[in-house]
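Below are the chains, spelled out letter by letter.
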Amino acid sequence: MARIFSGIQPSGELHIGNYLGAVKNWVELQEKHECFICVVDYHAITQSYDIAAFEGRTHDMALGLMAAGIDPTRCVLFVQSHVAHHTELAWIFNTVTPIGELERMTQFKDKSRRQESILAGLLNYPVLQAADVLLYKADLVPVGEDQVQHVELMREIVRKWNARYSEGFFPEPQALVGSGKRIKGLDGQAKMSKSLDNAIGILDEPDEIWKRLRPAPTDPARVKRTDPGTPEKCNLYDLHQQFSSLPVVEDVAEKCRTAGWGCIDCKRVLADNMAEAFAPMRARAAELRAAPELVRDALAAGAGKARRVAEETMTGVRAHMGLMPAKSIASVT
Ligand code: TYM
């Protein structure tokens, strides 16, 4: 049994991209492995965010994960800021991480281009990510393709820390990338993401799914209904492969190639299949919204379990680094 760690920011929503790229994998992995799934609020504050809405978003992300099938009785589901050890280990890892490595991270380069002044938190984002995973000595990190570089950096940080303080103390985690490793947004260009407004939420109602899917671009060769297309050039064909059965996918390809139907007909089938695939999740989300204490209690229990593992790791880390152990108040008096 491997130990798995992964995280998701509460700044976004659960959409088809992060669901197919990561969360779906987590749901499967929790059956056979020891999983730690974390809502990473300290990562989300490295970009501007709505303070008043933040607590609600954090709760909603946990609710979405539970609705999507993350079972807090099988895995440890918690909020990053509830376990203070994450920032403690991040500080320590900062002392062995070369700035040059952080500066060459693609995500840092992309995000810093969009910011007026570059803040240290954005640069050090992958260091906190390394701390998240290593606090639990996780071996596997199921993520989308965009996070693979961060996992590589994690391995580098482990090698540096282990070499200096204790060989073999931390494992070198491996990224686990599934079949939905890079789901494109509805624009057919960029990666699907909430901030680019090109996403379909997994909890969206069927009419909302249709509203978003309807105007999505398809194969540019299909200008008129009678123009044949190439399914492989159409982003929606990729999505059909995720949501439609094999016979339907074959039928979709055939009708596209022969101009047997219009793109709007193709989208209608896709929208219906998506809505159907997520129907049980929408139902479960409605139940959880009616009983928010179920989410809060699950997160409290998760933080408790996570803290115990984290404290054990940090006790070892502090000892190997020669940090003076704190005396308990009881033994001082
Ligand atoms: P975040 O919140 O941006 O994304 C969460 C997960 O979803 C994947 N993902 C996608 N996969 C395929 N196609 C897409 N369009 C798509 N959009 C998102 C991401 O690759 C990610 O796996 N830095 C992480 C959060 C994090 C973390 C960690 C992950 C913090 N600490 C420790 C693993 C281990 C992030 O940006 O997540």
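The structure displayed is predicted, hence computed values, not measured ones.

Enquirer: Report on the overall build of the protein, specifying residues and quantitative values.
Expert: Helix and strand counts for the protein stand at 16 helices and 5 strands. On C-alpha atoms alone, the protein measures out to a radius of gyration of 22 Å, which is about the 20 Å that the 2.2 N^0.38 rule sets for 333 residues. If one aligns the C-alpha atoms of the protein with their principal axes, the spans along those axes are about 85 × 45 × 40 Å. Across the 333 residues in the protein, those meeting the buried criterion constitute 49%.

Enquirer: Can you tell me about the nonpolar core, naming the residues and giving the values?
Expert: Counting residues in each nonpolar core, the largest one holds 58 residues, and the members touching the most others are Ile-16, Val-23, Leu-65 and Leu-239. Looking at this core element by element, the count peaks at 8 residues for helix H1 (residues 16-29). Look past the residues within four positions of Leu-65 in its chain and what remains in contact with it is Ile-8, Leu-14, Val-23, Trp-26, Ile-37, Val-39, Ile-70 and Leu-77. Leu-122, Ala-130, Val-133 and Ala-138 belong to the second largest nonpolar core, which has 42 residues in total.

Enquirer: Summarise the environment of Ala-319; cite the residues concerned and give the values.
Expert: Topologically, Ala-319 is positioned in helix H15 (residues 292-320). Taking C-alpha positions, Ala-319 is 32 Å from Gln-30, a pair spaced 289 residues apart along the chain.

Enquirer: I'd like a description of the pattern of salt bridges, backed by residues and values.
Expert: Under the criterion given, the structure shown has 22 salt bridges. Two residues, Glu-31 and Arg-74, come together in a salt bridge whose shortest N-O distance is 3.4 Å. A residue pair is termed long-range when its members are at least 10 positions apart, and Glu-31 in the loop between H1 and strand S2 (34-39) and Arg-74 in the loop between helix H3 (51-67) and strand S3 (76-79) qualify at 43 residues. Asp-251 is the partner of Lys-255 in a salt bridge, and the nearest nitrogen-oxygen pair spans 3.0 Å. Of this pair, Lys-255 and Asp-251 both sit in helix H12 (residues 246-257), 4 residues apart, roughly one helical turn. Of the residues examined, Lys-255 reaches a relative accessible area of 27% and is grouped as partly exposed. Taken together, the shared-partner salt bridges connect Arg-155, Glu-156, Arg-159, Lys-160 and Glu-172 into one network.

Enquirer: Help me get a handle on the packing of helix H13 (residues 263-277) against helix H14 (residues 279-290), residues and values and all.
Expert: Relative to each other, H13 and H14 sit at 45°, their axes nearing to 4 Å. Here H13 lies oblique to H14, going by the angle between them. Residue-level contacts link Ala-275, Glu-276 and Ala-277 of H13 to Ala-279, Pro-280 and Arg-282 of H14.

Enquirer: Describe in detail the site of the ligand, supporting the description with residues and values.
Expert: Around the ligand, the surrounding shell holds 27 residues, and the nearest of these are Gln-9, Tyr-125, Asp-132, Asp-146 and Ile-183. Within the side chain of Tyr-125, a nitrogen or oxygen atom sits 2.7 Å from a nitrogen atom of the ligand. Between Gln-147 and the ligand, the recorded distance is 2.9 Å, taken from a side-chain N or O atom to a nitrogen atom. Taking 710 Å² as the accessible area of the ligand by itself, protein coverage stands at 95%. At the level of secondary structure, the elements contributing two or more residues to the shell around the ligand comprise strand S1 (3-8), H1 and helix H8 (125-134).

Enquirer: Provide a residue-level description of the side chain of Ser-112, including the pertinent values.
Expert: Among the structural elements, Ser-112 can be located in helix H6 (residues 106-113). Exposure remark for Ser-112: the relative accessible area of 11% places this residue in the buried category. A polar side-chain atom of Ser-112 sits 3.3 Å from the main-chain carbonyl oxygen of Lys-109. Setting aside residues up to four positions removed in sequence, Ser-112 forms contacts with Ile-118 and Leu-122.

What counts, and at which threshold
Residues numbered from 1 in each chain as written. Predicted model: local features only at pLDDT ≥ 70, side-chain atom pairs only at ≥ 80, totals over all residues. Heavy atoms only, no water. Helix = DSSP H or I, 4+ residues; strand = E, 2+ residues; numbered from the N terminus. Rg over C-alpha atoms; globule rule 2.2 N^0.38 Å. Buried < 20%, exposed > 50% of the residue type's maximum accessible area, 1.4 Å probe, protein only. Core = buried A, V, L, I, M, F, W, Y, C linked by side-chain atoms within 4.5 Å. Contact = heavy atoms within 4.5 Å. Salt bridge = Lys/Arg side-chain N within 4 Å of Asp/Glu carboxyl O. Axes fitted to C-alpha atoms, helices over the stretch in contact; angles between N-to-C directions. Parallel < 35°, antiparallel > 145°, perpendicular 65-115°, else oblique. Near = heavy atom within 4 Å. Polar contact = N/O pair within 3.5 Å; in protein donor to acceptor, adjacent residues only side chain to side chain. Areas by Shrake-Rupley, 256 points an atom, 1.4 Å probe, with all protein chains shown as cover.

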